[in-house]
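Examining the three-dimensional arrangement
One-letter residues, chain by chain:
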Amino acid sequence: MDKKETKVLIIIPAYNEEENIAAVIEHLNSKILAGVFAEFSAVDYLIINDGSRDSTLEICGAQNFCYLNLPINLGIGGAVQAGYMFAKRNGYDIAVQMDGDGQHDISYLNDMIAPLLEDKADIVIGSRFLEKEGFQSSGIRRMGIKFLSFLIRLTTNRKIMDVTSGYRAVNKRFINIYVDDYPTDYPEPEAIVTAIMNKGRIMEVPVQMHAREGGSSSITFGKSVYYMIKVTLAILVCRLSYGIRR
């Protein structure tokens, strides 16, 4: 794939990110204005405001950001899938997911996209655990990530280290797949299983992530317990479902 003919869409789901979203877009625009991505045909972004209850929507409007407003909260999966729908309808070749809380650094965009351009991968995951630099998340969450990584390896025979990373890039084939089949709630690990079941080539590249710049995570301790139970069941059901289909 030739960079000069490649259109890239950066999908930024945002729920109650009034303290972070402006800085995220300012950092992204600074890279675009500096010509870091000038070799591409286009590098655009789309904020998906997922029914935020704070002033995220007002900030996007006042700052003339590119955004799509969801009138109700669909959850991270629904917001990201809306971004994939936009990417498909507007002819983008690559879609990149990055969070609206400032944890993901756009400086790694070229590293994320390179394996797709070279046809070495269909999906690239930005992994904080390959070189173990930058923000590594809490100890409890790392334990949960290791368990989910083990579960995915057990059910698919594929080793993915940072299975909950929301920093991802996919090619046009998986834009089309995810438009029709993307998990709705806590989707990252299940989306990996979906990719594997669709014979997707997955690669991890090292990135450094940052601690959340402002606000607080929507995942509380209680939700973390629910998350682990639900995602474990979702992975098993997803794997079984694809096994039955084939």
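The model shown is predicted, which means the values in this text are computed figures rather than measured ones. (Residues numbered from 1 in each chain as written. Predicted model: local features only at pLDDT ≥ 70, side-chain atom pairs only at ≥ 80, totals over all residues. Heavy atoms only, no water.)

What follows covers the pattern of salt bridges. This model, assessed by the stated rule, comprises six salt bridges. With its nearest N and O atoms 3.2 Å apart, the salt bridge here joins E118 to K120. Note on E118: relative accessible area 47%, which makes it partly exposed. (Salt bridge = Lys/Arg side-chain N within 4 Å of Asp/Glu carboxyl O. Buried < 20%, exposed > 50% of the residue type's maximum accessible area, 1.4 Å probe, protein only.)

Now for helix α7 (residues 188–197). Summarising burial for α7: ten of the ten residues are buried, a large majority. For α7, the set of buried residues is E188, P189, E190, A191, I192, V193, T194, A195, I196 and M197. (Helix = DSSP H or I, 4+ residues; strand = E, 2+ residues; numbered from the N terminus.)

This part is about the sheet that holds strand β7 (residues 202–206). Strand order in the open sheet made by the seven strands is β3-β2-β1-β4-β6-β5-β7, with mixed pairing throughout. Whereas interior strands pair on both sides, the edge strands pair on one side only; in this sheet they are β3 (67–70) and β7. Taking the axes of each pair of neighbouring strands and ignoring which way they run, one obtains an average angle of 20° across the sheet. Sheet analysis places strand β1 (residues 7–14) next to strand β2 (residues 42–50), joined by eight bridges and oriented parallel. Within the sheet, the bridge partner assigned to P13 lies in β2 and is I48. Set on the sheet, α7 makes contact with β5 (123–127), β6 (168–171) and β7; between it and β6 the angle comes to about 25°. (Pairing = 2+ DSSP bridges. Axes fitted to C-alpha atoms, helices over the stretch in contact; angles between N-to-C directions. Contact = heavy atoms within 4.5 Å.)

Tracing the chain through its elements places Q208 in the loop between β7 and α8 (221–245). Judged by its relative accessible area of 30%, Q208 falls in the partly exposed class. Linking Q208 and L154, residues 54 residues apart in sequence, is a C-alpha distance of 27 Å.

Alternating residues of strand β4 (residues 94–97) divide into I94 and V96 and A95 and Q97, and every residue in both groups is buried. Sheet analysis places β1 next to β4, joined by four bridges and oriented parallel. Residue I11 lies in a different strand from β4, and its bridge partner there is Q97. As judged from the four bridges shared by β4 and β6, these two strands associate in the antiparallel manner.

Counted under the stated rule, the structure contains seven aromatic pairs. The rings of Y84, F174, Y178 and Y182 are connected pair by pair, giving a single aromatic cluster. (Phe/Tyr/Trp six-rings, centres within 6.5 Å; stacked < 30°, edge-to-face > 60°.)

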